[in-house]
Amino acid sequence: MPVMKTMDLYWSCINDELTRKHFFKHTVKIVRPTKSADRLISNSSYWLESGTFASYPDILPIGPLLASNRLGKSTGYFWREDSGCLAWLDQRPPDSVIYVAFGSFTVFHHNQFKELALGLELTGRPFLWVVRQNITEDVDNTYPTGFKERVHHRGRMVSWAPQQKVLSHPCVACFISRCSWNSTIEGISNGIHFLCWPYFSDQIFNKSYIYDYLKIGLELNKDDNGIIRRGEIKNKLERVLGDEGLKEIVLYFQAKTLNGVIEGGSSSKSSSELRSRNCQMGKVQVTVLNNINNRIEAKYRK
């Protein structure tokens, strides 16, 4: 298993001591009931995290759980998707588009939001950027002056995107991500480079997993004022997109991960084991560790 720094633990990234204690107690409250479960299932693959699953055999990897492996339709989000961005992607060259998305909870200071916008502009590349209305205060007035006009021919901003379909599109080359686990495994399953921009919680550890352990992306570094500057964004994007060796590694991980869900693969075998136990015991209590982080984040934001 990758080394975890103590400052990467869920509660450690919170500066306020009272909130940090509350966050820790809430995490314990969520995790405790899992001890009574017969099996835990995980949206991962044995090949990706072999050390973890070897150490904890009661956790069964059944991922990657992708809509394309089932009915082809993603569920679980309450935001209205802008499916028109798929037609926009169809007009872009292969491996050219930067996809930028930070999920449902990330909030930016207006200065950081402007640096991100200007960093994307500096790249000169096409980009698809998911900008929620509550991602920063008064989004429309936070964009740099003239930004939309300058990038209208190669940039598209949407309030929400059908992420699995976006990441599987052949024109998408890089994912600037907060590094939530679902986004991480979706990116790996589609052979996408990562540029890591974690917000808090497990995202910080996942960033280390992507950058230090799997080596399928780069991390973005903050300056002394805690801001990721436009030059850092531009330079790291150029590095990650210009590294042919990195692309080979990403495609290798993609193939290995997807092999797990085909018949005879490790995730397929885990699913078969669950079905077999269900038949033998009549009813099996299974605790699904899915979206726990969202519950923690929602409580934290309140």
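Model, not experiment: these values are computed from the prediction.

Thresholds, definitions, all that
- Residues numbered from 1 in each chain as written.
- Predicted model: local features only at pLDDT ≥ 70, side-chain atom pairs only at ≥ 80, totals over all residues.
- Heavy atoms only, no water.
- Phe/Tyr/Trp six-rings, centres within 6.5 Å; stacked < 30°, edge-to-face > 60°.
- Helix = DSSP H or I, 4+ residues; strand = E, 2+ residues; numbered from the N terminus.
- Buried < 20%, exposed > 50% of the residue type's maximum accessible area, 1.4 Å probe, protein only.
- Pairing = 2+ DSSP bridges.
- Right-handed = clockwise from strand over helix to strand, strands pointing away.
- Core = buried A, V, L, I, M, F, W, Y, C linked by side-chain atoms within 4.5 Å.
- Contact = heavy atoms within 4.5 Å.
- Patch = residues over 30% accessible without salt bridge, like charges linked within 9 Å, V, L, I, M, F, W, Y side chains within 5 Å.
- Areas by Shrake-Rupley, 256 points an atom, 1.4 Å probe, with all protein chains shown as cover.
- Salt bridge = Lys/Arg side-chain N within 4 Å of Asp/Glu carboxyl O.
- Lys, Arg positive; Asp, Glu negative; His and termini not counted.
- Charge placed at Lys NZ, Arg CZ, Asp CG, Glu CD.
- Axes fitted to C-alpha atoms, helices over the stretch in contact; angles between N-to-C directions.
- Expected span 1.5 Å × (residues − 1).
- Arc of directions from axis to C-beta.
- pLDDT = per-residue confidence, 0-100.
- Parallel < 35°, antiparallel > 145°, perpendicular 65-115°, else oblique.
- Left-handed = near helix turned anticlockwise from the far one by under 90°.
- Nonpolar A, V, L, I, M, F, W, Y, C, P; charged D, E, K, R; others polar.

A look at the packing of aromatic side chains
The tally for this structure, following the rule as stated, stands at 18 aromatic pairs. An angle of 85° between the planes, with centres 4.7 Å apart, marks the rings of W11 and F24 as edge-to-face. In this pair, W11 is assigned in the segment before α1 (17-31) and F24 in helix α1, connecting sequence segments 13 residues apart. For W11, a relative accessible area of 23% gives the class partly exposed. Following the ring pairs from residue to residue traces out a cluster consisting of F113, F127, W129, Y143 and F147.

Digging into the pairing of strand β1 (residues 39-42)
Alternating residues of β1 divide into R39 and I41 and L40 and S42, and every residue in both groups is buried. Where β1 lies against strand β2 (residues 59-61), 3 bridges are found, and the strand directions are parallel. Across the sheet, the residue bridging to S42 is P61, located in β2. The parallel pair β1 and β2 is bridged by helix α2 (residues 50-55), and the resulting crossover is right-handed.

Notes on the side chain of Q164
With respect to the helices and strands, the residue Q164 is situated in helix α7 (residues 163-167). According to the relative accessible area criterion, Q164 is buried, its value standing at 17%.

Comments concerning the nonpolar core
Y99 and W129 are the most contacted members of the largest nonpolar core, which has 60 residues in total. If sequence neighbours within four positions are ignored, W129 has contacts with V100, F102, F113, L116, A117, L120, Y143, F147, R156, M157 and V158.

Let's talk about a negative patch on the surface
On the surface, D95, D243, E244 and E248 cluster together to form a negatively charged patch. Within the secondary structure layout, E244 lies in helix α11 (residues 244-259).

Things to note about the environment of E238
The topology assignment puts E238 in helix α10 (residues 230-241). Considering only alpha carbons, one finds E238 and T123, 115 residues apart in sequence, at a separation of 7.6 Å.

Concerning the sheet that holds strand β7 (residues 193-196)
Taken in spatial order, the 6 strands line up as β5-β4-β3-β6-β7-β8 in an open sheet, and their pairing is parallel. Of all strands in the sheet, those with a lone pairing partner are β5 (155-158) and β8 (217-219), marking the two edges. Neighbour-to-neighbour, the strand axes of the sheet open up by a mean angle of 15°, direction not taken into account. Where strand β4 (residues 127-130) and β5 come together, 4 bridges link them in parallel fashion.

Regarding α10
Here α10 is 12 residues long and its end C-alpha atoms lie 17 Å apart, about the 16 Å a rise of 1.5 Å per residue gives. Listed as buried for α10 are E232, I233, K236, L237, V240 and L241. Along the axis of α10, the buried positions cluster into a sector of 140°, meaning they face one direction only. Those residues of α10 that are buried are in contact with β3 (97-101), α4 (110-123), β6 (172-177), β7, β8 and α11.

Comments concerning the confidence of the model for the chain
Put simply, the chain has an average pLDDT of 85, and 87% of its residues get 70 or more. Ignoring residues within four places in sequence, the model shows residues 281-293, a span with pLDDT below 50, making 26 contacts including any to other chains.

Comments concerning the packing of α4 against α10
Each pair of packed helices gets described by two things: the angle between the helix axes and the distance between those axes. Orientation of α4 relative to α10, taken along the N-to-C sense of each, is 40°, at an axis distance of 8 Å. With respect to α10, the axis of α4 lies oblique. When you trace α4 past α10, the crossing you get is right-handed. Where α4 abuts α10, its residues E115, L116, L118, G119, L122 and T123 lie against R230, I233, K234 and L237. Taken together, the residues that form the contact of α4 with α10 break down as 5 nonpolar, 2 polar and 3 charged.

Some details on the pattern of salt bridges
Inspection of every chain in the model, using the stated rule, returns 11 salt bridges. What you see here is one network of salt bridges that share partners, running through E115, D223, R229 and R230.

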